[in-house]
Amino acid sequence: MPALEQLEVEFTKAWADPGFHQELDDLLRDFVGRPTPVYRAARLSDRLGIDLYLKREDLAHTGAHKINNTMGQALLTKRMGKRRVIAETGAGQHGVATATACALLGQECVVYMGEKDIERQALNVHRMRMLGTEVRPVTSGAGTLKDAVSAAMRDWVSSVDGTHYIIGSVVGPHPFPWMVRELQKVIGEELLEQMDGSSPHRPVPDVIVACVGGGSNAMGVFYPYAGSGVDLVGVEAAGFGLESGHHGASLVAGSPGVIHGSMTYLLQDDQGQILEAHSISAGLDYPGVGPEHSYFKDHGMVRYVSITDEEAVEAVHLLASIEGIIPALESAHALAWITKEAKSLEGKTVVLNLSGRGDKDVQQIVDAE
Ligand SMILES: *Cc1c(COP(=O)(O)O)cnc(C)c1O
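Because the structure is predicted, anything quoted here is derived from the model rather than measured.

## A closer look at the pattern of salt bridges
Thought 1: Scanning all chains against the criterion turns up 24 salt bridges.
Thought 2: Linking Arg-181 and Glu-292 is a salt bridge whose minimum nitrogen-to-oxygen distance equals 3.0 Å. In this pair, Arg-181 is assigned in helix 9 (residues 176-184) and Glu-292 in helix 13 (residues 291-298), connecting sequence segments 111 residues apart.
Thought 3: Lys-185 serves as the salt-bridge partner of Glu-182, at 2.7 Å between the closest nitrogen and oxygen.

Structure, rendered in structure tokens:
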């Protein structure tokens, strides 16, 4: 608790300081490449009978939205006078984004990663090491993301004086879900300006669709639109199918409980033990979800739906072959929902938050075929 209380005070101060925003905004512009473009997918629009736009988070440095969060928290670490950063990672995307920010700012970085994930995601392990980060294998539990989060939290409890823990999504105990949302909402704020209705090329969206793992890219694009009347749709991983029991759909098919310091929808058995999630996309393979998404669900502010592994892979091929963009498997879940629902979306202006690029997934997709 003292670590969390200190963090709440420090982030509140930093977030109210124009100097902090100036430094962060400069890095987001010059190092990360923000604002990311909005691109009208013309051929796919014609094919689907909708007006489809892509918010190109895949073009951000390191290939996904995660850097928006790690850059902000690494700057906060510097401001707090701490020199060491720890993080957890599943597929390695958050680990790479953290390692990148730490290399830039000269911070020592340790990333906890399940030993099973280390095997599955060798390329990202090499990337982190090249960026000067120590990757620490986690052997407890199933050796995946949930265990890596627990290991990072254990490290932090005993090292908090000189160490900051950069969590990778809008999950965990307060103030993390709030802080990560604040750092990711730049996505939706840019979109409000980019699609402000000022010309036929910049229509105001009717629908915004994003994939939901922990929920940070979705929260980033939804939050500035919450309560605005725009139809917001969050797409979870249905894995092998909801009825198979092997999925990552906490909001669609889970129930309320407590995980990693939040009360939220999650996957659990009737004893309250957390179940293993399954998704073909490592970024959606988490048995919980950010607590604010639970709030949005309970208040009917966002619709939550799910898409299977198979449907997501099909959507990767679709976008690659007719738009020249290979999306991350995570982001492909959101696209798959749009293609499935094209009839009910006919004539509407739809924005897909393209959370990341799919280079990291090419080998996995080829192997699965
Ligand atoms: C990590 C990741 C996700 C899932 O995380 P959220 O916190 O739900 O955004 C989605 N897309 C990509 C490309 C990712 O790397």
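## Focus on helix 5 (residues 93-105)
Thought 1: The terminal C-alpha atoms of helix 5 lie 19 Å apart, and with 13 residues this matches the ideal 18 Å at 1.5 Å per residue to within 8%.
Thought 2: Helix 5 sits mainly inside the fold: ten of its 13 residues count as buried.
Thought 3: Of the positions making up helix 5, those classed as buried are Gln-93, His-94, Gly-95, Val-96, Ala-97, Thr-98, Ala-99, Thr-100, Ala-101 and Cys-102.
Thought 4: Tucked into the core, helix 5 has its buried residues touching helix 2 (18-32), helix 4 (66-79), strand 3 (84-89), strand 4 (108-114) and helix 7 (122-130).
Thought 5: Just downstream of helix 5, Gly-106 is the residue with a positive phi angle, here 70 degrees.

## Overview of the sheet that holds strand 1 (residues 38-40)
Thought 1: The strand order 1-2-12-7-8-11 describes an open sheet built from six strands, whose pairing is mixed. With one partner strand each, in any of the chains shown, strand 1 and strand 11 (303-308) form the two edges of the open sheet. Pairs of neighbouring strands in the sheet enclose a mean axial angle of 30 degrees, with direction left out of account.
Thought 2: One ladder, built from six bridges, connects strand 8 (residues 231-239) with strand 11; its direction is parallel. Note that in strand 11 the partner of Val-235 across the bridge is Val-305.

## Thoughts on the pairing of strand 3
Thought 1: In terms of burial, strand 3 is largely enclosed, as six of its six residues are buried.
Thought 2: Neither face of strand 3 is exposed, since Arg-84, Ile-86 and Glu-88 on one face and Val-85, Ala-87 and Thr-89 on the opposite face are all buried.
Thought 3: Two strands pair when backbone bridges link them, and strand 3 and strand 4 are joined in this way by six bridges, in the parallel orientation. Note on strand 4: the bridge partner recorded for Arg-84 is Glu-108.
Thought 4: In this region the chain leaves strand 3, passes through helix 5 and returns to the parallel neighbour strand 4; the handedness of that crossover is right-handed.
Thought 5: Here three bridges tie strand 3 to strand 6 (residues 163-165), and the two strands are oriented parallel to one another. In the sheet register, Ile-86 faces strand 6, and the bridge partner there is Tyr-165.

So, how was this worked out
- Residues numbered from 1 in each chain as written.
- Predicted model: local features only at pLDDT ≥ 70, side-chain atom pairs only at ≥ 80, totals over all residues.
- Heavy atoms only, no water.
- Salt bridge = Lys/Arg side-chain N within 4 Å of Asp/Glu carboxyl O.
- Helix = DSSP H or I, 4+ residues; strand = E, 2+ residues; numbered from the N terminus.
- Expected span 1.5 Å × (residues − 1).
- Buried < 20%, exposed > 50% of the residue type's maximum accessible area, 1.4 Å probe, protein only.
- Contact = heavy atoms within 4.5 Å.
- Pairing = 2+ DSSP bridges.
- Axes fitted to C-alpha atoms, helices over the stretch in contact; angles between N-to-C directions.
- Right-handed = clockwise from strand over helix to strand, strands pointing away.

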